[in-house]
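Structural overview for review
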Amino acid sequence: MSDKLDYQNRRLLLLRLLDYRNATKQNLVQWTGLSNTTVSDTINAMLKTGFVHTDGMQKSIGGRRSVIYSINGRYGQFAGIELYAQGVHMALCDAEGHIKKTFHVQRLPQELPIALLYRAIDMLLEQPEASNVLALGIGVEGEIEHSTQTVLKSDTLGWQNVPLKEIVERRIYLPVFIDSAVNGQVSLRKYTEGERCPAHFMVINGQFPSKSALCIDGHLCRGQGSRCGSAADFSSLAGQAALALHTLGLEKVWVACRCEAQMKEAERLLCPCSSADICIHLAGPEELAWGMALDAETKWFGTIYFCAQNPISPPL
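Before going into details, it helps to say that this report is about the structure given with it. (Residues numbered from 1 in each chain as written. Predicted model: local features only at pLDDT ≥ 70, side-chain atom pairs only at ≥ 80, totals over all residues. Heavy atoms only, no water.)

**With respect to the packing of aromatic side chains**
With the rule as written, the count across this model stands at 8 aromatic pairs. Put simply, the rings of Phe 51, Tyr 75, Phe 78, Trp 300 and Phe 301 touch in pairs and so form one group of aromatic residues. Between Lys 165 and the ring centre of Phe 177, over which it is positioned, the NZ or CZ distance is 4.8 Å. Cation over ring: Arg 171 sits above Tyr 118, and NZ or CZ is 4.2 Å from the ring centre. (Phe/Tyr/Trp six-rings, centres within 6.5 Å; stacked < 30°, edge-to-face > 60°. Lys NZ or Arg CZ within 6 Å of the ring centre and 35° of its normal.)

**So, helix H2 (residues 25–32)**
Turning to H2, its buried residues number three or more, namely Leu 28, Val 29 and Thr 32. The buried residues of H2 occupy an angular sector of 105 degrees when projected down its axis, which confines them to one face. Looking one or two residues beyond H2, the residue adopting positive phi is Gly 33, at roughly 80 degrees. (Buried < 20%, exposed > 50% of the residue type's maximum accessible area, 1.4 Å probe, protein only. Helix = DSSP H or I, 4+ residues; strand = E, 2+ residues; numbered from the N terminus. Arc of directions from axis to C-beta.)

**Some details on the sheet that holds strand E1 (residues 22–23)**
Strand order across the open sheet formed by 3 strands is E1-E3-E2, with antiparallel pairing between neighbours. Edge strands, defined here as strands with exactly one partner in the open sheet, are E1 and strand E2 (52–57). The pairing of E1 with strand E3 (residues 67–71) spans 2 bridges and is antiparallel. Bridge assignment links Asn 22 to a residue of E3, and that residue is Ser 70. (Pairing = 2+ DSSP bridges.)

Everything listed here is a matter of coordinates, which is why it stays silent on function.
What follows is the structure in structure tokens.
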């Protein structure tokens, strides 16, 4: 098996374990399409790293019981940050994706956004729960060049052409992943829904009222500058969702609202689409940061084994 194929198989299995929490080898064969031998060899290799561990035995009324595997939550932590004009929301998760701590940092008068971000990261890394942070996901509002992880433009933060990944990684010596904060909600929905998560869906979050996250065929749609799904305000986003349900064949729309007024507005615009699966709910401010932590973990899966073979140019 080539090194590239080996890392791709490991990443695929890790993503399924993160989405579904635990699995037998036969589950993983079914969910990935890999052969029994490939799954067995890959799982055994990952057990040696300690990132995956055995999690008991499957119940059986007869015959041989199957071993259950899961990600070792104690292996390390992943952090997510939502950076906005007035402050920072943060979430710290274990390797299984469970939130261990959330907190908010208010922006000080005259404080530059980058100084706020540095201060928030320092506070995060000083937490007792952050004993082995493996990667950090930072969500911002604006146009982002995903291939270089550069913030091309953010009116909210007053930034232009800021190589955010590079400057933060040089400061904290950890893998950093930059994206629109709402795009992390795709990783969150895959995590919370698991096997039930549809392939075509949209997520709107009232804390981030300028953009939705669109997932088609299981993949996030970015568009130029990662601006796919942008709109003027929350009402416009809900109107887009109503249209996209039919034109894009969406199976589900999640609308995370920050207040009752947003819920009523979403219901007014989306309830006429009664045949679609629409979930409108109240959500706390930590949801965007949680999504960025999970997004950082899924992207980290694509680098940990690749970097071992190609230390100079890991993929983003």
